[in-house]
Amino acid sequence: MTKPIHVTSEIGKLKTVLLKRPDVEVENFTPDMMPRLLFDDIPYLPTAQKEHDYFADTLRDNGVEVLYLEKLAAEALDAGGDEVKNTFLETMLAESGYAAGVTHDALKEYLSTMTTQAMVNKIMGGIRKNELDFVPRDLVSAAEEEDYEFFMDPMPNLYFTRDPAASIGDGLSINHMTFPARQRESLFMENIIKYHPRFANQGLQVWRDWNHTTRIEGGDELVLSDTVLAIGVSQRTSADAIEDIARNLFSSDSGYEKIIAIRIPHNHAMMHLDTVFTMINKDQFTVHPGILGEGGHIDTWTITQGSDGELSLDHRTDLKQVLKDALHLDDLDLIPTGNGDPIIAGREQWNDGSNTLAIAPGVVVTYNRNYVSNQLLREHGLKVLEVLSSELSRGRGGPRCMSMPLVREDL
Ligand SMILES: NC(=O)NCCC[C@H](N)C(=O)O
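Residues numbered from 1 in each chain as written. Predicted model: local features only at pLDDT ≥ 70, side-chain atom pairs only at ≥ 80, totals over all residues. Heavy atoms only, no water.

A closer look at the pattern of salt bridges
Evaluation of the coordinates by the stated rule reveals 22 salt bridges. Across the salt bridge formed by K108 and E90, the nearest N and O atoms sit 2.7 Å from each other. One end of the pair, K108, is in helix α5 (residues 102–112); the other, E90, is in helix α4 (residues 82–95), and 18 residues separate them in sequence. For K108, a relative accessible area of 18% puts it in the buried group. Classification of E90 as partly exposed rests on a relative accessible area of 25%. Connected through salt bridges with shared partners, the residues E10, D274 and R400 form a single ionic network. (Salt bridge = Lys/Arg side-chain N within 4 Å of Asp/Glu carboxyl O. Helix = DSSP H or I, 4+ residues; strand = E, 2+ residues; numbered from the N terminus. Buried < 20%, exposed > 50% of the residue type's maximum accessible area, 1.4 Å probe, protein only.)

In structure tokens:
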């Protein structure tokens, strides 16, 4: 029987996906908070929701079951019972800077009076100071900026469900993310996997859990086949986290034998591998030309299990050949974002032109605004399903970022 998580490729027919419908969290902040919250603008919520519903409908119309993070999280906590809900709340408060003290107590009391769904939504949306009839006089609060509006920051990046966890084979990694703005997001997934009736006690493997100091994010984790992964060495994923997950995968029955670590520029526009490189068919990939050096070269390390019990690393720079070797392909089509024009490529990559979501081999969901790249994909034989993108793209993520595949058909 198929497990509730089963993903052995980037392109197998998508059966079940996890999304988060954007809600108040994407507008509950001011421009000066944007850099810290990793947003470049403040989306107009009604339009962002319409666009997201269009995305979800596009997936449903193509036979995909759509699950929502916010709903699963509340159901998981209810299924877990009072103790689980209490532990979740304590962890969430501690991770928000309130392990104990009067503010902790006031926030806990405030959240505890709510239904589980309302509590989850409130934590996601952020808690402003003026919501509570309480003025903290403790030392912790005295150390804070006095006119800062929030007790708990909103989590506007939640609609990028790709990043806090990543499905790999019959399991997942629950990711310790890089920036504080996103670190609490993984707690929802951790509780869903442990306590939601759909996932609990189903023999799912956690290849790497949240409890780490080294960093990894799902946008960097690409499942190229049932034996090969690609992982970005990026602004968000560190080499030691890649080596850690490699050891866990290679020493278990995961089926994974090879990880291609690909070093990409460490900047906000290209924060994850999937912002510059995605797999869209058995032998086709999108790639942002800006990451390739002279002659199409880039640093890659193919990681395998060495005979001495240590990892073996093979450094090469010909990405195309590395992929052909790992996937046993005679040829391979690397399709350049923006058709190679440096201005168009830069503009469309910024709006996630390389960030395609494959829902079957050769069938991809993309943002409509990247019309040059979309046309090129069609010319290369792909079926392109365009979705709306005026507001969603302000968070710097596209269709792959906005989706966490839970089940795909094997190829
Ligand atoms: N996989 C992805 O590339 N996700 C996009 C995440 C965008 C979000 N604003 C972030 O900076 O983390």
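Describing the site of the ligand
Every one of the 16 residues lining the ligand counts as a neighbour, but N157, R236, H272, G395 and C401 are closest to it. R236 is positioned such that a nitrogen or oxygen atom in its side chain is 2.8 Å from an oxygen atom of the ligand. Taking D274, its side chain carries an N or O atom lying 3.1 Å from an oxygen atom of the ligand. Expressed as a share of its isolated accessible area of 350 Å², the protein-covered part of the ligand is 100%. Here the residues of the shell around the ligand sort into 4 nonpolar, 7 polar and 5 charged. (Near = heavy atom within 4 Å. Polar contact = N/O pair within 3.5 Å; in protein donor to acceptor, adjacent residues only side chain to side chain. Areas by Shrake-Rupley, 256 points an atom, 1.4 Å probe, with all protein chains shown as cover. Nonpolar A, V, L, I, M, F, W, Y, C, P; charged D, E, K, R; others polar.)

Points about the UniProt feature "active site" (unreviewed entry) in the protein chain
In the numbering adopted here, UniProt assigns the feature "active site" (unreviewed entry) to C401. On the secondary structure map, C401 appears in the loop between β18 (383–387) and β19 (404–408). The exposure class of C401 is buried, given its relative accessible area of 2%. Ignoring any residue separated from it by four or fewer positions in sequence, one finds C401 in contact with Y159, F160, T161, R162, D274 and N355. (UniProt positions renumbered as here; feature names shortened; annotations may be inferred. Contact = heavy atoms within 4.5 Å.)

Thoughts on the nonpolar core
By size, the foremost hydrophobic cluster in this structure holds 43 residues, and its most contacted members are L111, I123, M152, F188 and M189. If you list the elements that add at least two residues to this core, you get α3 (69–80), α4, α5, α6 (116–125), β4 (150–152), β6 (171–174), α9 (186–195) and β19. Per-element accounting of this core gives the leading share, 6 residues, to α3. The residues touching I123, leaving out its near neighbours within four places in the chain, are F88, L89, M92, L111, M152, D153, M155 and F188. (Core = buried A, V, L, I, M, F, W, Y, C linked by side-chain atoms within 4.5 Å.)

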